[in-house]
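Listed below, chain by chain, are the residues.
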Amino acid sequence: MTSTQHIAVLGTGALGTLIAWYCRSHELFTINRNQQERFSLLEYGASEPTLFSSTSWQGSQVDWLIVTTKAASTLAALKGIESQLSAVKNLLLLQNGMGQQAEVAQWLETQHSAPQLWVGSSTEGAYHAEKGHVVHAGKGHTVIGPWQHESVEQADKLPPSMTLSPDIHKVLKEKLAINAIINPLTAYYQCYNGELLSNADYRHHFDTLSTEVDELFKQLNWNTDFSIPQRAEQVALATTQNRSSTYQDVLHRRPTELPYICGYLLKQAAQHDLSAPLTTELYTSLSATEATWSA
């Protein structure tokens with residue numbers, strides 16, 4: 001029988017709610033703006049949603065604090081509970097994009113009794129439905145690993161539904177490659193993932209961007225276990241009716257994660273005097289659109 005863990009989830013959006021659902025048989029705590037403690041999730045393939053509850057975290061000892069906020073909100077969210085971090089054994093960042101992990105690692109160095117930092121990548125699909133519950137739209141895999149292999153002790157037990165990756169940094173970069181293609185294009189055209197393949201104009205941009213990202217990864221010596229253009233097409237085909245997280249953000253006029261996807265990639269390119277013209281064009285255009293929402 002599996003022993004009970006104490007797990008807190010910071011950020012209960014669609015993915016956070018799904019992660020909390022996986023952890024519901026353990027001692028579950030949640031942290032969110034509205035102090036919501038009751039949740040509803042429609043399991044993959046089910047006809048009726050499952051109700052489950054949590055307890056708002058007040059700083060008790062936890063084995064895991066799992067952060068599922070947007071990348072840009074990570075540091076602010078953690079600073080909001082700074083005085084309680086000494087009660088956390090393992091801190092896991094489970095988000096899209098790259099850059100925030102290094103920011104958190106640097107900040108934790110200034111903290112007394114800082115938790116061990118873990119990072120992860122998930123292919124789970126979830127979204128908020130109109131009826132108020134979260135829909136588990138597609139089963140995926142969540143892999144995690146320590147941010148610094150040489151200095152972070154392995155956890156005794158991982159959170160439910162998660163597996164250990166021998167090279168989480170490579171996993172993060174591989175996901176970044178696909179996100180850097182599908183997310184900006186679906187946001188730019190405001191389309192479903194599959195339309196990037198079925199619409200001739202979108203497909204031209206898709207192929208061009210796939211080639212650009214692939215070439216940039218090669219120039220940066222970032223090796224992947226797959227052909228980036230082929231994997232991007234496979235993902236778009238497998239998620240034909242999905243809206244990317246960036247497209248959903250655009251629809252709801254929310255800040256996107258593109259600074260931690262396209263922005264991160266462009267910073268790496270600039271540091272090595274490399275160019276990525278289509279990524280730059282898309283990022284500039286979408287950033288300008290986003291700026292008008294708060295103008």
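Not measured: the values here are computed from a predicted model.

A. Up close: the sheet that holds strand β1 (residues 6-10). An order of β5-β2-β1-β6-β7-β8-β11-β12 is seen for the 8 strands of this open sheet, with the pairing classed as mixed. At either margin of the open sheet sits one strand with a lone partner, and together these are β5 (55-56) and β12 (162-164). Where strand β2 (residues 27-31) lies against β5, 2 bridges are found, and the strand directions are parallel. Within β5, the position partnered with Thr30 by the bridge is Ser56. Each of β8 (116-122) and β11 (142-146) touches helix α4 (residues 168-189); the most contacted strand, β8, lies at about 40 degrees to it.

B. Layout of the packing of aromatic side chains. Taken as a whole and assessed by the stated rule, the structure comprises 7 aromatic pairs. Pairing Trp64 with Trp118 gives two aromatic rings, centres 5.3 Å apart and planes at 70 degrees, and the pair type is edge-to-face. Of the two residues, Trp64 is situated in strand β6 (residues 62-67) and Trp118 in strand β8; the sequence distance between them amounts to 54 residues. In this structure Trp64 comes out as buried when scored by relative accessible area, which is 1%. Judged by centre distance (5.1 Å) and plane angle (85 degrees), the ring pair of Phe217 and Trp222 falls under edge-to-face. Across the pair, Trp222 and Phe217 agree in class, each one buried. Put simply, the rings of Tyr188, Tyr189 and Tyr202 touch in pairs and so form one group of aromatic residues. One residue, Arg231, lies across the ring of Phe226, its end atom 4.1 Å from the ring centre.

C. Spatial organisation of helix α3 (residues 100-108). For α3, the full list of buried residues reads Gln100, Gln101, Val104, Ala105, Trp107 and Leu108. In an axial view of α3, the angular spread of the buried residues amounts to 165 degrees, which keeps them on one side of the axis. Elements in contact with the buried residues of α3: α2 (74-79), β7 (88-94), β8 and α4.

D. Representation of unusual backbone geometry. Residues other than glycine seldom take positive phi values, yet Gln35 does so here, at roughly 50 degrees. One can find Gln35 in the loop between β2 and β3 (38-42). With relative accessibility at 56%, the residue Gln35 sits in the exposed group. The backbone of Asn221 shows a phi angle near 60 degrees, a positive value even though the residue is not glycine. Relative to the elements of secondary structure, Asn221 occurs in the loop between α6 (200-219) and α7 (228-238).

What counts, and at which threshold
- Residues numbered from 1 in each chain as written.
- Predicted model: local features only at pLDDT ≥ 70, side-chain atom pairs only at ≥ 80, totals over all residues.
- Heavy atoms only, no water.
- Pairing = 2+ DSSP bridges.
- Helix = DSSP H or I, 4+ residues; strand = E, 2+ residues; numbered from the N terminus.
- Contact = heavy atoms within 4.5 Å.
- Axes fitted to C-alpha atoms, helices over the stretch in contact; angles between N-to-C directions.
- Phe/Tyr/Trp six-rings, centres within 6.5 Å; stacked < 30°, edge-to-face > 60°.
- Buried < 20%, exposed > 50% of the residue type's maximum accessible area, 1.4 Å probe, protein only.
- Lys NZ or Arg CZ within 6 Å of the ring centre and 35° of its normal.
- Arc of directions from axis to C-beta.

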